[in-house]
Amino acid sequence: MGLRRSAAIICAGLLLTLLGACETTTSGGSVGADRRQLMLVSSQELDQVAAQGYAKLLSEAAGKGVLNRDAAMLKRVRAIAARITPQTRAFRADAPDWKWEVNIISGNELNAFCMPGGKIMFYSGLISQLKLTDNEIAVVMGHEIAHALREHSREQVSQAIAAQTAIGLGAALFGLGEGTAGLANAGYEALIATRFSRNDESEADRIGLELTARAGYDPRAGVTLWQKMINASQGGRPPEFLSSHPAEASRVQQIQTLLPVVMPLYESARR
Ligand SMILES: [Zn+2]
């Protein structure tokens, strides 16, 4: 009984800790995105790990001679970022002042991501092979930036820590030794190759589309972008981007449903 009672107390304590760690990273914007999230590590901790990972990626790419080789493409992508990043204010007051960085790695990979804290990477293949327009690049960028604004990676790391803690607690109670949990164990992978949940993807689509529209890029490009993605996934080799971003007809439908909400933002940004 003693063990069971102390286990109950520990569980209650853990539950309180978890409840206390729930927060929302952004305000809802026009599209409404203010779900509460479990967060067990700080933004500062994760941003630091991300900045180190990004620097490593840049130096490796530079070493292979594949970093920012296409000056025109780099100028184009950075110009789009310069219009979108100030619009992050609609969701987070702190975000426009993040240390945003945008770089391009040359290669056939069809990929793009934004690491925590605003470290953006495009792979040239995504732009050149899918012949992305500026509006479509803006939709990809808005979507990736939205993952960073909502801190989906921090949420995933936190969930991994919570799972490890629960396993560790069970193991300790049954005399199996201590479980370990920590940011390092929870996965550097989570920062680059995150497989976001369906809910994360839906949030990123919604927030991203609003960012795109507020920056004066046509949000209808979301429809043509995902149609290109769906077509690319039906070819021989599915794009890397799609391993973390499944191309589904339902995404196109959600974007079409949101267009009446974001088109007025696009129209007023163009005035
Ligand atoms: Zn995504």
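Residues numbered from 1 in each chain as written. Predicted model: local features only at pLDDT ≥ 70, side-chain atom pairs only at ≥ 80, totals over all residues.

### Here we look at the nonpolar core
Counting residues in hydrophobic clusters, the biggest one holds 56 residues, and the most contacted among them are Ala 138 and Met 141. In this view, Ala 138 contacts Ile 80, Ile 84, Thr 212, Ala 215, Tyr 217 and Ala 221; residues no more than four positions away in its chain are not counted. (Core = buried A, V, L, I, M, F, W, Y, C linked by C-beta atoms within 7 Å. Buried ≥ 20, exposed ≤ 12 C-beta atoms within 10 Å, placed from the backbone. Contact = placed C-beta atoms within 7 Å.)

### Some points on the pairing of strand β5 (residues 119-123)
Burial analysis of β5 places five of its five residues in the buried class, which makes it a mostly covered element. On β5, burial covers both faces: Lys 119, Met 121 and Tyr 123 on one face and Ile 120 and Phe 122 on the other are all buried. Relative to β5, strand β3 (residues 101-105) is paired through five bridges, and the arrangement is parallel. The residue of β5 that forms the bridge with Glu 101 is Lys 119. Examined bridge by bridge, strand β4 (residues 112-115) and β5 share four bridges and lie antiparallel to one another. Paired with Cys 114 across the strands is Ile 120, a residue of β5. With antiparallel pairing between neighbouring strands as the criterion, β4 and β5 make up a hairpin whose turn holds three residues, including Gly 117 at a positive phi of roughly 90°. (Helix = DSSP H or I, 4+ residues; strand = E, 2+ residues; numbered from the N terminus. Pairing = 2+ DSSP bridges.)

### What about helix α2 (residues 43-63)?
Between its terminal C-alpha atoms α2 stretches 30 Å, which fits the 30 Å expected from 21 residues at 1.5 Å a residue. Along α2, the residues classified as buried are Leu 46, Asp 47, Val 49, Ala 50 and Tyr 54. All buried residues of α2 fall inside an arc of 160° around its axis, so they share one side. Counted as exposed and oriented over 90 degrees from the buried face of α2: Gln 44, Gln 52, Ala 55, Lys 56, Ser 59 and Gly 63. Note on α2: the residue one or two positions beyond its end, Gly 65, has a positive phi of about 70°. (Expected span 1.5 Å × (residues − 1). Arc of directions from axis to C-beta.)

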